[in-house]
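# Notes for the structure review
Take a look at the letters that make up each chain.
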Amino acid sequence: MMTTAKLLLHCPDKPGILAEVTDFITVNKGNIIYLDQYVDHVENIFFMRIEWELKDFLVPQEKIEDYFRTLYGQKYEMDFRLYFSDVKPRMAIFVSKLSHCLFDMLARYTAGEWNVEIPLIISNHPDLQHVAERFGIPFYLFPITKETKEEQERKEMELLAKHKITFIVLARYMQVISEQMINAYPNKIINIHHSFLPAFVGAKPYHAAFQRGVKIIGATSHYVTTELDAGPIIEQDVVRITHKDAIEDLVNKGKDLEKIVLSRAVQKHIERKVLTYKNKTVIFS
């Protein structure tokens, strides 16, 4: 496949930004294959995602970022990220005991749907080691207690650094991630959780929802921040519930929704279609 560059940026909105960015690419003989932009008129912020082929591009791949920063990044006070299609992101999966999200992601991965590498799976329980072995992915066990949490997470971070992990997916990982790890992977840790309407907290949300007679249950995937379950939202969806659904039906429908929503969020991240600004996301099509 043709190697492409993907540029995502945001900056204060000013006239001429779109023209200058596209001109930089076309003057240097780049063939633009994707372009999307959005202006937040409340914050007065310009957002953009552009992708172009590098086959005949005059600027060497390793110098594009420096050129762009010097010519436009500083001029427009841009916050930008540059990615190349021939460099695969490296994803670590964290799991506990529930397998539905893990199976769904590994099935997509082995089917070749995602341009990503998964060097390892980390867990605080041994229950899903057989799943990792079935898919031929190394499994690392880090049992965690209140007393050992800090030391175990330090070892996890060393392992992540060793394998050059670029982002983390919490596939129903039932541990709170420390501020240290969150800061090491800003907007690079993706989580999934149920999101009921109305919301139910506690250990058995599906039981509480059943007692309340809800008509909709949902799931939310978001980036992890230091505020629990309050990070920038990447993907959400809902499914209808009726009086005929038992608690087991709610649980099963919830699991189906969770794995789909999480995989959608992961795919958007892999494809570099998510831009975060403050505590919100811009999702490009």
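Here goes a summary of the coordinates provided. Please read all numbers here as calculations on a predicted model, not as lab measurements.

## Observations regarding helix 8 (residues 247–270)
With 24 residues, helix 8 ought to run about 34 Å at 1.5 Å a step, and its terminal C-alpha atoms sit 34 Å apart, in line with that. Listed in full, the buried residues belonging to helix 8 are Leu250, Gly254, Leu257, Glu258, Val261, Leu262, Ser263, Ala265, Val266, His269 and Ile270. In the stretch just after helix 8, Arg272 is the one whose phi turns positive, near 60 degrees.

## Overview of the pairing of strand 9 (residues 189–194)
Among the six residues that make up strand 9, five are buried, leaving the element largely enclosed by the rest of the structure. The parallel pair strand 8 (residues 167–170) and strand 9 is bridged by helix 6 (residues 179–184), and the resulting crossover is right-handed. Here strand 9 pairs with strand 10 (residues 216–223) via five bridges, running antiparallel. Looking across to strand 10, one finds that Ile192 is bridged to Ser221.

## Things to note about the packing of aromatic side chains
In this structure the tally under the stated criterion is ten aromatic pairs. Plain terms: the ring middles of Phe47 and Tyr277 are 5.8 Å apart, the flat faces sit at 80 degrees to each other, and that makes the pair edge-to-face. On the criterion of sequence distance, the pair formed by Phe47 in strand 3 (residues 45–53) and Tyr277 in strand 12 (residues 274–277) is long-range, its members being 230 residues apart. Both residues of the pair, Phe47 and Tyr277, belong to the buried class. Ring geometry for Phe68 against Tyr72: centres 5.4 Å apart, planes inclined by 50 degrees, an arrangement best described as tilted. Of this pair, Phe68 and Tyr72 are both found in helix 2 (residues 64–73), four residues apart, which corresponds to roughly one turn of the helix. We classify Phe68 as buried; its relative accessible area is 2%. Exposure remark for Tyr72: the relative accessible area of 9% places this residue in the buried category. Connected via pairs of aromatic rings, a cluster forms that spans Phe24, Trp52, Phe57, Phe68, Tyr72 and Phe80. Over the face of the ring belonging to Tyr34 we find Arg49, whose NZ or CZ atom lies 4.5 Å from the ring centre.

Definitions and cut-offs
Residues numbered from 1 in each chain as written. Predicted model: local features only at pLDDT ≥ 70, side-chain atom pairs only at ≥ 80, totals over all residues. Heavy atoms only, no water. Helix = DSSP H or I, 4+ residues; strand = E, 2+ residues; numbered from the N terminus. Expected span 1.5 Å × (residues − 1). Buried < 20%, exposed > 50% of the residue type's maximum accessible area, 1.4 Å probe, protein only. Right-handed = clockwise from strand over helix to strand, strands pointing away. Pairing = 2+ DSSP bridges. Phe/Tyr/Trp six-rings, centres within 6.5 Å; stacked < 30°, edge-to-face > 60°. Lys NZ or Arg CZ within 6 Å of the ring centre and 35° of its normal.

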